[in-house]
Amino acid sequence: MGDKDYIIQTLKQEIEGFKVEPKVEKVGTVVELGDGIVKLSGLDDVMASEMIELVGAQGEKVYGVALNLQEDGVGAMILGDYLGLKIGDQARATGRILEVPVGEALVGRVVSALGEPLDGKGEIKAEKFYPIEKIAPGVITRKSVHQPVQTGIKAIDAMIPIGRGQRELIIGDRQTGKTAIAIDTIINQKGKDLTCIYVAIGQKESKVAKIVAELEKFSAMEYTVIVVAGASKSASLSFVAPYAGCAMGEYFMDQGKDALVIYDDLSKHAVAYRQISLLLKRPPGREAYPGDIFYLHSRLLERAAKLNQNYGGGSLTALPIIETQAGDISAYIPTNVISITDGQIYLEPDLFYKGIRPALNVGLSVSRVGSAAQIKAMKKVAGKLRLELAQFRELEAFAQFGSDLDESTQQQLERGRKITEILKQGQYSPTPVANQVAILYAVGNGYLDDILVEKVKEFEESFNDYLNSAGQKVIGGIESEGELNEKTEQELKKLLAEFKKTFRR
């Protein structure tokens with residue numbers, strides 16, 4: 001068979017085997033455009049939160065998300081740069097709900113709200129994608145919170161404990177150390193098998209770069225993902241970022257692992273959503289926020305959970321951050337988030353300026369999980385501590401008015417000052433839980449009563465060094481058993497007595 005015959009034969013076979021399959025594409029048109037919002041006509045059967053592909057004049061593709069489904073068209077927000085778009089451009093429905101890459105490949109990386117790399121370390125080869133919105137685990141799938149998330153901050157671990165699967169709000173004015181608590185918590189998770197996700201919403205890029213540098217310095221990026229929706233980016237990315245971070249955390253929870261997600265901060269998230277809602281012409285309510293602003297945060301924070309063993313036993317812990325104006329925790333967004341979460345850590349500017357850092361207001365801070373999220377040893381030493389500190393605060397207020405105080409009151413005031421001194425802690429210096437138990441035991445049982453207040457910090461530092469060298473048995477006992485049994489307590493008393501002989505008051 002010649003070449004000619006072979007070609008004819010091949011063509012015949014191709015023609016016989018050729019099948020025409022009609023392809024249906026939903027195509028719409030941009031009818032309104034401005035400020036990152038588009039209105040589209042012709043997309044009648046699009047889903048809520050569906051990805052929409054918009055094609056610009058130069059053929060560049062931009063993605064949007066359908067938010068308003070109305071009779072006369074679809075309102076969508078643009079993810080990214082919308083300046084290349086114009087009225088009359090084509091829009092296609094993709095049939096896909098907005099999703100982000102998840103998995104181990106993201107650990108140690110800095111990514112955008114859509115999971116794109118921002119750290120210049122190359123492409124992220126994620127094998128799985130999760131939708132950013134997901135229904136929270138139900139009652140049957142959950143287990144009560146019982147394992148601690150050690151923050152390494154004495155005041156929090158002792159009095160406002162956080163458990164795996166809990167939602168604990170960090171609230172306070174700007175520059176009172178909210179982010180510092182979150183970063184210290186991440187640093188303290190080294191070797192504790194907890195994957196951390198830090199979501200920066202509307203933050204300055206310089207601040208995020210500083211956080212990344214600090215986490216790298218402490219080798220904390222090895223188990224951390226950073227999701228950034230910078231202040232220079234559009235409001236739509238700030239709106240998407242916390243949901244994307246939550247989806248990334250849910251992947252680890254589904255694998256039976258533990259994850260911690262920090263939303264910094266949800267005040268900026270609410271502002272971004274308000275901006276999008278007003279541009280979409282949704283009716284404004286109190287403080288111009290739309291009517292579903294509560295649902296915006298509740299559907300995000302309800303996804304934090306501790307799953308029971310039948311569902312893998314994983315957990316997702318949430319630490320949302322809210323910024324208040326002039327300490328007003330009864331404003332709209334703060335009260336909303338307080339009512340959703342399982343407690344709050346309230347940071348007070350007055351305490352911060354007095355040098356009490358972390359500037360924790362013990363009266364207004366609370367953990368609704370309580371001692372269930374503490375090891376037994378901490379429970380034993382911390383119960384008395386909270387009561388003594390509360391009594392001290394009350395006495396201190398009265399002591400300002402009278403100078404003649406009886407001896408027991410003066411003693412109580414003095415011990416209160418020493419507890420306050422012990423609870424002070426510098427940034428990036430988390431304390432291991434066994435060392436926390438030891439020093440809190442010492443202050444609660446009168447071992448510091450004859451030490452001057454100004455010498456308390458020095459006593460603590462020297463005692464920690466002494467514990468780490470001579471007290472390995474005590475530290476090991478507390479860490480392995482999680483409780484302060486009679487034998488360990490006797491050892492600790494002996495150590496304290498020996499150390500006090502060498503300490504120069």
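For the structure itself, look to the data block above.
Residues numbered from 1 in each chain as written. Predicted model: local features only at pLDDT ≥ 70, side-chain atom pairs only at ≥ 80, totals over all residues. Heavy atoms only, no water.

1. Here we look at empty space enclosed by the protein
One pass over the full model with this rule turns up 2 cavities of 30 Å³ or more. Roughly 80 Å³ of volume is contained in the largest cavity. Lining the largest cavity are Ala155, Met159, Ile356, Pro358, Leu360, Val362, Leu389, Arg393, Thr420, Leu423 and Lys424. Those elements that provide at least two residues to the lining of the largest cavity are helix H2 (154-159), helix H10 (376-399) and helix H11 (407-423). Within the lining of the largest cavity, the residues separate by chemical class into 8 nonpolar, 1 polar and 2 charged. Empty space within the second largest cavity amounts to approximately 60 Å³. In terms of lining, the second largest cavity is formed by Pro148, Val149, Gln150, Asp157, Pro161, Ile162, Ala373, Gln374, Ile375, Met378 and Val433. Looking at side-chain class alone, the lining of the second largest cavity contains 8 nonpolar, 2 polar and 1 charged residues. (1 Å grid on protein atoms, 1.4 Å probe; cavity = no way out; pocket = protein on both sides within 12 Å on 5 of 7 lines; lining within 4 Å. Points joined across faces, edges and corners; volume = space filled by probe spheres on them. Helix = DSSP H or I, 4+ residues; strand = E, 2+ residues; numbered from the N terminus. Nonpolar A, V, L, I, M, F, W, Y, C, P; charged D, E, K, R; others polar.)

2. Topic: helix H12 (residues 433-444)
For H12, which comprises 12 residues, the first-to-last C-alpha distance of 16 Å matches the rise-based estimate of 16 Å (1.5 Å per residue) to within 8%. For H12, the buried fraction is high: 12 of the 12 residues fall into the buried class. All buried positions along H12 are accounted for by Val433, Ala434, Asn435, Gln436, Val437, Ala438, Ile439, Leu440, Tyr441, Ala442, Val443 and Gly444. Check the buried side of H12 and you find it contacts H2, H10, H11, helix H13 (456-470), helix H14 (472-481) and helix H15 (486-502). (Expected span 1.5 Å × (residues − 1). Buried < 20%, exposed > 50% of the residue type's maximum accessible area, 1.4 Å probe, protein only. Contact = heavy atoms within 4.5 Å.)

3. A closer look at the layout of surface pockets
Space inside the largest pocket adds up to approximately 900 Å³. Forming the boundary of the largest pocket are 33 residues, of which Gln175, Gly177, Thr179, Ala180 and Lys207 lie nearest the centre. Elements supplying a minimum of two residues to the lining of the largest pocket: helix H3 (178-187), helix H4 (205-217) and strand E15 (315-323). Counting residues per element, the lining of the largest pocket draws most heavily on H3, which supplies 6 residues. Class assignment of the residues belonging to the lining of the largest pocket gives a composition of 11 nonpolar, 9 polar and 13 charged.

4. Comments concerning the packing of aromatic side chains
Overall, the coordinates contain 14 aromatic pairs when judged by the stated rule. Between Phe459 and Phe503 the ring centres are 5.2 Å apart and the planes differ by 85°, which places this aromatic pair in the edge-to-face class. Of the two residues, Phe459 is situated in helix H13 and Phe503 in the segment after H15; the sequence distance between them amounts to 44 residues. For the pair Phe459 and Phe503, a shared accessibility class is recorded, and that class is buried. Here the aromatic residues Phe459, Phe463, Tyr466, Phe499 and Phe503 are joined through ring pairs into a cluster of three or more. (Phe/Tyr/Trp six-rings, centres within 6.5 Å; stacked < 30°, edge-to-face > 60°.)

5. Quick notes on the side chain of Gln166
Among the secondary structure elements, Gln166 is positioned in the loop between H2 and strand E10 (169-172). Looking at Gln166, its side chain comes within polar contact range of the main-chain nitrogen of Gly163, at 2.8 Å. Of note is the side chain of Gln166, whose polar atom sits 2.8 Å from the side chain of Glu168. (Polar contact = N/O pair within 3.5 Å; in protein donor to acceptor, adjacent residues only side chain to side chain.)

6. A look at the packing of H11 against H13
For the pair H11 and H13, the least separation of the axes is 9 Å and the interaxial angle reads 55°. When the axis of H11 is compared with that of H13, the two are oblique. Crossing angle aside, the handedness with which H11 passes H13 is right-handed. For the pair formed by H11 and H13, the contact residues are Lys418, Glu421 and Ile422 on the first element and Val456, Lys457 and Glu460 on the second. (Axes fitted to C-alpha atoms, helices over the stretch in contact; angles between N-to-C directions. Parallel < 35°, antiparallel > 145°, perpendicular 65-115°, else oblique. Left-handed = near helix turned anticlockwise from the far one by under 90°.)

7. A few points about the packing of helix H6 (residues 266-279) against helix H7 (residues 293-301)
Relative orientation and spacing of two packed helices are given, respectively, by the angle between their axes and the distance between those axes. Where H6 contacts H7, the axes come no closer than 10 Å and their chain directions differ by 130°. Between H6 and H7, the angle falls in the class oblique. In this structure, H6 crosses over H7, and the sense of that crossing is right-handed. Here H6 contributes Leu266, His269, Ala270 and Tyr273 to the contact with H7, which in turn contributes Ile293, Leu296, His297, Leu300 and Leu301. A per-class count over the contact of H6 with H7 returns 7 nonpolar, 2 polar and no charged.

8. What to know about the side chain of Asp173
Mapped onto the secondary structure, Asp173 falls in the loop between E10 and H3. For the buried Asp173, which has no salt bridge, the nearest side chain bearing the opposite charge is Lys178, at an N-O separation of 7.2 Å. Of the polar contacts made by the side chain of Asp173, one reaches the side chain of Thr324; its length is 2.6 Å. At 2.7 Å, the side chain of Asp173 and the backbone nitrogen of Gly327 are in polar contact. (Lys, Arg positive; Asp, Glu negative; His and termini not counted. Salt bridge = Lys/Arg side-chain N within 4 Å of Asp/Glu carboxyl O.)

9. So, H6
For H6, which comprises 14 residues, the first-to-last C-alpha distance of 20 Å matches the rise-based estimate of 20 Å (1.5 Å per residue) to within 8%. Those residues of H6 that sit buried are Leu266, Ser267, His269, Ala270, Ala272, Tyr273, Ile276 and Ser277. For H6, the N-terminal cap is Asp265; the gap from its side-chain oxygen to the backbone nitrogen of Ser267 is 3.0 Å. Positive phi appears at Lys281, one or two residues downstream of H6, with a value of about 65°.

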